[in-house]
Amino acid sequence: MEINKLIKLGVDRIKGRPYGNPILEATLLLGKVLNVDKVYIYIHGDEEVPDFIAEKYLEMIDRRKEGYPVQYIINEKEFMGLDFYVEEGVLIPRPDTEILVEYVLDYIDRVHGNEDIDVLDIGVGSGAIGISIAYYRKNANVCGVDISDKALKVSNINKERFNLNNVTLIKSNLFENIDRNKKFHIIASNPPYIPKDDIEALQEEVRDYEPRTALEGGLDGLDFYRRIIPESKHHLHEKGLLIFEIGYNQNNNVRDMMEREGFINIETLKDLQGLDRVVLGIKG
Ligand SMILES: C[S@@+](CC[C@H](N)C(=O)[O-])C[C@H]1O[C@@H](n2cnc3c(N)ncnc32)[C@H](O)[C@@H]1O
């Protein structure tokens, strides 16, 4: 069958789903089995696809139809202009998280210039935050920690993929396995922040296939901020930056916690939808 026809067939099968972008998803899936990019699919619509490849593609389409995230099928998610490897068991990086990374890149330039600095990413997952910072700022020595073996496997794959020697990945329950005397210039985290009772209401793609350990932040979603904020003071240099991604309605709570722990110059950044998405402050 031809590329155009396969795309149409795929779109027809998955277009009833409540979330997603059927044309883009069908294009990504066909691109994956043909080992070509999106543009190739767009401009080679008449090209004939061998049956065994078409079958593989349609199997993937059926998997997607069941709600399985397309990024886990193709093992890839673009973040900060980089193609991250992802697989089931690790959170798929979200575009909103780029706001945090962009702030940190700009902050490094403004405050540290080219001087060598230490950055900690708590809950590194695929490496979206820490690996992007290490990729774009070679003077940043990034330590990424995660409690999940799968996250460490995937972040190590991405460290290799982008050929980085300024990244260290450690299995750790928050700060537990970090040297007690180690200090960082920046601590960044996108911790699990969904309240326990809100998990069931999430879209199927997230609820059924993304890891709970990456999502759930306790009864009110704030457990990780409660644990990280007080301890981060010990691991930050004087005037160090603490920066979090937050849930859209957690701004006041997280700001209060940071104020109570003596952080200053606290700021909130909004996402593209105008929702509170990032809170940051300086160790006072
Ligand atoms: C919301 S995900 C963020 C992943 C990645 N940083 C990103 O932004 O795409 C949260 C991460 O925190 C990790 N995590 C959960 N509990 C943890 C703990 N106690 N200590 C360290 N990491 C933890 C999860 O395994 C998950 O990878």
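Below, the structure is looked at part by part. For clarity, every value in this text was computed on a predicted model and none was experimentally measured. (Residues numbered from 1 in each chain as written. Predicted model: local features only at pLDDT ≥ 70, side-chain atom pairs only at ≥ 80, totals over all residues. Heavy atoms only, no water.)

Moving on, we come to the overall build of the chain. Along its length, the chain carries eleven helices and nine strands. Compactness check: the chain gives a C-alpha radius of gyration of 20 Å against a globular reference of 19 Å for 284 residues, within 12% of the reference. Expressed along its principal axes, the backbone C-alpha trace of the chain runs to roughly 65 × 40 × 35 Å. Across the chain, every contact between residues at least 6 apart in sequence was considered, and the portion connecting residues at least 24 apart equals 67%. On the chain, roughly 13,600 Å² of surface is accessible, and the fraction owed to carbon and sulfur atoms is 48%. The positive charge centre, built from 36 side chains, and the negative charge centre, built from 50, are 2 Å apart in the chain. (Helix = DSSP H or I, 4+ residues; strand = E, 2+ residues; numbered from the N terminus. Rg over C-alpha atoms; globule rule 2.2 N^0.38 Å. Contact = heavy atoms within 4.5 Å. Areas by Shrake-Rupley, 256 points an atom, 1.4 Å probe, with all protein chains shown as cover. Lys, Arg positive; Asp, Glu negative; His and termini not counted. Charge placed at Lys NZ, Arg CZ, Asp CG, Glu CD.)

Mapped onto the fold, Leu 275 is located in the loop between β8 (263–270) and β9 (276–283). For Leu 275, a relative accessible area of 30% gives the class partly exposed. Taking the C-alpha atoms as reference, Leu 275 lies 8.9 Å from Gly 247; in sequence the two are 28 residues apart. Excluding anything up to four places from it in sequence, Leu 275 contacts Tyr 248, Leu 269 and Lys 270. (Buried < 20%, exposed > 50% of the residue type's maximum accessible area, 1.4 Å probe, protein only.)

Near the ligand lie 20 residues; those nearest to it are Gly 123, Asp 146, Asn 173, Leu 174 and Asn 190. A distance of 3.4 Å separates a nitrogen atom of the ligand from a polar backbone atom of Ser 172. At 2.9 Å from an oxygen atom of the ligand is found a side-chain nitrogen or oxygen belonging to Asn 190. Out of a free accessible area of 600 Å², the ligand has 95% covered by protein chains. Partitioned by chemical class, the residues of the shell around the ligand number eleven nonpolar, eight polar and one charged. (Near = heavy atom within 4 Å. Polar contact = N/O pair within 3.5 Å; in protein donor to acceptor, adjacent residues only side chain to side chain. Nonpolar A, V, L, I, M, F, W, Y, C, P; charged D, E, K, R; others polar.)

For side chains bearing opposite charge, pairing can occur when the charged atoms are close. Considering all chains together, one arrives at 25 salt bridges under this definition. We note a salt bridge from Arg 63 to Glu 66, for which the minimum N-O separation is 3.0 Å. Here Arg 63 falls in the partly exposed class, since its relative accessible area comes to 33%. What makes Glu 66 partly exposed here is its relative accessible area of 45%. (Salt bridge = Lys/Arg side-chain N within 4 Å of Asp/Glu carboxyl O.)

Here we take up the pairing of β8. Pairing analysis gives six bridges linking β8 to β9, with the strands arranged antiparallel. Each bridged residue has a counterpart across the sheet, and for Leu 269 the counterpart in β9 is Val 278. In this antiparallel pair of consecutive strands, β8 and β9, the connection spans five residues, and Gly 274 shows a positive phi of 85°. (Pairing = 2+ DSSP bridges.)

The next subject is helix α4 (residues 51–65). With 15 residues, α4 ought to run about 21 Å at 1.5 Å a step, and its terminal C-alpha atoms sit 21 Å apart, in line with that. Contacts from the buried residues of α4 go to α1 (3–14), α2 (22–34), α5 (70–74) and α9 (204–209). Once α4 finishes, Gly 67 follows within two positions and takes phi at roughly 105°, a positive value. (Expected span 1.5 Å × (residues − 1).)

Turning to the pairing of β9, a few remarks are in order. Of all the eight residues making up β9, eight are buried; the element is thus mostly covered by neighbouring parts of the structure. One ladder, built from five bridges, connects strand β7 (residues 236–245) with β9; its direction is antiparallel. Each residue of the ladder has a partner; that of Phe 244, found in β9, is Val 279.

On to the packing of aromatic side chains, then. On inspection of all chains with the given rule, the structure shows eight aromatic pairs. Taken together, a centroid distance of 5.3 Å and an interplanar angle of 65° make the contact between Phe 84 and Phe 162 edge-to-face. Here Phe 84 is found in strand β2 (residues 82–84), whereas its partner Phe 162 is found in the loop between α8 (149–161) and β5 (167–171), with 78 residues between them in sequence. As far as the burial class goes, Phe 84 and Phe 162 line up, both buried. A ring pair is formed by Tyr 135 and Phe 162, whose centres lie 5.8 Å apart and whose planes are at 75°; its orientation type is edge-to-face. (Phe/Tyr/Trp six-rings, centres within 6.5 Å; stacked < 30°, edge-to-face > 60°.)

Moving on: a nonpolar patch on the surface. Taken together, the side chains of Leu 24, Val 39, Tyr 42 and Ile 43 define a hydrophobic patch exposed on the protein surface, amounting to about 400 Å² of accessible area. With three residues, the single largest contributor to the nonpolar patch is helix α3 (residues 38–43). The residue Val 39 is located in helix α3 in this model. Among the residues examined, Val 39 registers a relative accessible area of 49% and is labelled partly exposed. (Patch = residues over 30% accessible without salt bridge, like charges linked within 9 Å, V, L, I, M, F, W, Y side chains within 5 Å.)

Read these as spatial facts, not as claims about activity.
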